[in-house]
Amino acid sequence: MEVIFLLIGFSLVVALIFLGLFFWAVRTGQFDDSYTPSVRMLFDEKRTSKTNQSNKNQDA
């Protein structure tokens, strides 16, 4: 029977830790912009460096 009280106390501590982390994440802006990261990968272009371009010009 004593184990149940120990588990209830432990679960309350874990729940409070996760609640605190959730409020911390909300305050730091983790959930402010949920649209842009999902679209960013669609418009991401490959960047070519100058050395790659100069090597292509020499080969041609």
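Residues numbered from 1 in each chain as written. Predicted model: local features only at pLDDT ≥ 70, side-chain atom pairs only at ≥ 80, totals over all residues. Heavy atoms only, no water.

## Quick look at the overall build of the protein chain
Basically, it comes down to this: What counts as a helix is a DSSP run of H or I of at least four residues, what counts as a strand is a run of E of at least two, and both are numbered from the N terminus. The rule is simple: take the accessible area with a 1.4 Å probe, protein chains only, and divide by the maximum for that residue type; under 20% is buried, over 50% is exposed, in between is partly exposed. For accessible areas, the Shrake-Rupley method is used with a probe of radius 1.4 Å. Any residue's cover is judged against the shown protein chains and nothing else.
The helix and strand inventory of the protein chain stands at three helices and zero strands. Moving toward the C terminus, one meets the helices and strands of the protein chain in the order α-α-α. The buried share among the 60 residues of the protein chain stands at 3%. Of the roughly 6,300 Å² that the protein chain leaves accessible, carbon and sulfur atoms contribute 64%.

## Structural notes on helix H1 (residues 2–27)
Applied cut-off: Helix span, as expected, comes to 1.5 Å for every residue beyond the first.
For H1, with 26 residues, the first-to-last C-alpha span of 38 Å sits near the 38 Å given by 1.5 Å per residue. Residue Gly-29 follows H1 closely and has a positive phi angle near 90°.

## A short note on a nonpolar patch on the surface
The line we're drawing: The patches described consist of residues with a relative accessible area above 30% and no salt bridge, like charges being joined within 9 Å and nonpolar side chains (Val, Leu, Ile, Met, Phe, Trp, Tyr) within 5 Å. Whenever a carboxyl oxygen of Asp or Glu lies within 4 Å of a side-chain nitrogen of Lys or Arg, that contact is scored as a salt bridge.
Taken together, Leu-16, Leu-19, Phe-22, Phe-23, Val-26 and Phe-31 make up a surface patch of nonpolar side chains, about 610 Å² in accessible area. Looking at the element boundaries, Leu-16 is found in helix H1. Take Leu-16: its relative accessible area is 57%, and that puts it in the exposed class.

## Describing the packing of aromatic side chains
Defined as follows: Ring geometry is summarised as follows: Phe, Tyr and Trp rings, the Trp one being its six-membered ring, pair when their centres sit within 6.5 Å, and such pairs are stacked at plane angles under 30 degrees, edge-to-face over 60 and tilted between the two.
Enumeration according to the criterion identifies two aromatic pairs in this entry. Ring geometry for Phe-22 against Phe-31: centres 6.0 Å apart, planes inclined by 40°, an arrangement best described as tilted. Residue classification places Phe-22 among the partly exposed positions, given a relative accessible area of 44%. Owing to a relative accessible area of 52%, Phe-31 belongs among the exposed residues under this scheme. The structure contains a cluster of three or more aromatic residues connected by ring pairs, namely Phe-22, Phe-23 and Phe-31.

Limitation: the analysis is restricted to geometry and does not speak to function.
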